[in-house]
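# Chains, contacts and geometry: an overview
The residues making up each chain are set out below.
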Amino acid sequence: MLQAPSNTEIRQAVSQDITAITDFVDKASLTHRHLDWRPLVEWVSQPPFLLRFANQQLTALLSCAPDPEGVAWIHAFIMDHWSNQVNAVWHSLLEPALIELAVTRCQVFSLSLSDWYTRLLRSSGFTPFENIVILHWGRELPPVKNMPPEVLIRPMEPADLNQVAEVDRQTFEAAWVISRASLERAYLQSAHASVAEVNEQIIGYELSTASSLSSHLARLAVLPEFRHLNIGYSLVAQLLEYFTQRGIWQITVNTQDNNQASLSLYKKLGFFQTSESFPVFTKSG
């Protein structure tokens, strides 16, 4: 492990650090933040959330708590300012975090939104995993398609979240599953959320966010045994109608560039792929 200079300290954050962390994040000029549903301070009590002090001043932090178990995304790497010590600071925080995550055999992932952060990931042995691509809706409502008559689509309710979390777990690869806690956060922040059910058993769901001008399809899942029945198509078609009735026509969605099933579905619904993409990297803990 890299040895920190004698005037530095690296330790796990505690709840008493929240005020200092909030002030630091507001002023820091070098920031990587993951696109998750929870504010950074919510991760403080979930290790590893490491703080780096120089001369008793907070200068950098790294948060990468597992969520769900076995999968850890880097939620944040933040440094007070750019300097030629960025690489050393990054490694001084990452290496003890990886040691801690290795105990539980976590696989570590990180989305990169900037070239400088991509270079840091590559310098520490992260390898390309997948690419996230951005799709925009073409503003033409798709035709209605038939579903099995026993399938009901209705608004999602708080009492549905346990079943929805199970649909999420069974639908996505481990890297893309979100925990029950994060799913609840997503639901509370959503502008539109619906479920598909058969005999009161939830088999699919959709969850979307919105601003005054645009909306984003954030999650879409249908249990594998119920695919190819136009259920995912109908969930999205209904949200498109919902937002357009409210004057929102700018609608986006993200997916992996190798997820041909999703790309095909969104194309049928009138989405087109843009040139925007962001790499995801991984490293075994």
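Above this text you will find the structure in question.
Residues numbered from 1 in each chain as written. Predicted model: local features only at pLDDT ≥ 70, side-chain atom pairs only at ≥ 80, totals over all residues. Heavy atoms only, no water.

### Topic: the overall build of the chain
When helices and strands are counted, the chain shows seven helices and 14 strands. Against the 2.2 N^0.38 benchmark of 19 Å for 285 residues, the chain shows a C-alpha radius of gyration of 21 Å, consistent with a compact globule. Each of the three principal axes of the chain carries a C-alpha extent, and together these read 70 × 35 × 35 Å. Looking at the chain residue by residue over its 285 residues, the buried ones come to 48%. Partitioning the contacts of the chain with sequence separation of at least 6, the portion at a separation of at least 24 is 72%. A total of about 14200 Å² of accessible surface is found on the chain, and carbon and sulfur atoms cover 50% of it. (Helix = DSSP H or I, 4+ residues; strand = E, 2+ residues; numbered from the N terminus. Rg over C-alpha atoms; globule rule 2.2 N^0.38 Å. Buried < 20%, exposed > 50% of the residue type's maximum accessible area, 1.4 Å probe, protein only. Contact = heavy atoms within 4.5 Å. Areas by Shrake-Rupley, 256 points an atom, 1.4 Å probe, with all protein chains shown as cover.)

### Examining the nonpolar core
Within the largest apolar cluster, 43 residues are counted, with the highest numbers of intra-cluster contacts made by Met 156, Leu 183, Tyr 205, Leu 207, Val 236, Tyr 266 and Phe 271. Of the residues forming this core, the biggest block, eight residues, is contributed by helix H6 (residues 231-245). Sequence-distant contacts of Met 156, that is, excluding residues within four places in its chain, are made with Leu 161, Val 164, Tyr 187, Ala 193, Ser 194, Val 195, Tyr 205 and Glu 206. Membership of the second largest hydrophobic core comes to 25 residues, among which are Leu 62, Leu 98, Trp 116 and Phe 281. (Core = buried A, V, L, I, M, F, W, Y, C linked by side-chain atoms within 4.5 Å.)

### Points about unusual backbone geometry
Most peptide bonds take the trans form, and the phi angle of most residues other than glycine is negative. Following Pro 47, the chain continues into Pro 48 via a peptide bond in cis, with omega recorded as 0°. Checked against the element boundaries, Pro 48 lands in the loop between strand S2 (30-33) and strand S3 (49-54). The residue after Asp 67, namely Pro 68, is reached through a cis peptide bond having omega 0°. Here Pro 68 shows up in the loop between strand S4 (57-63) and strand S5 (71-73). The phi torsion at Glu 200 lies on the positive side, around 65°, for a residue other than glycine. Assignment of secondary structure puts Glu 200 in the loop between strand S10 (192-198) and strand S11 (201-210). Given a relative accessible area of 66%, Glu 200 falls into the exposed group.

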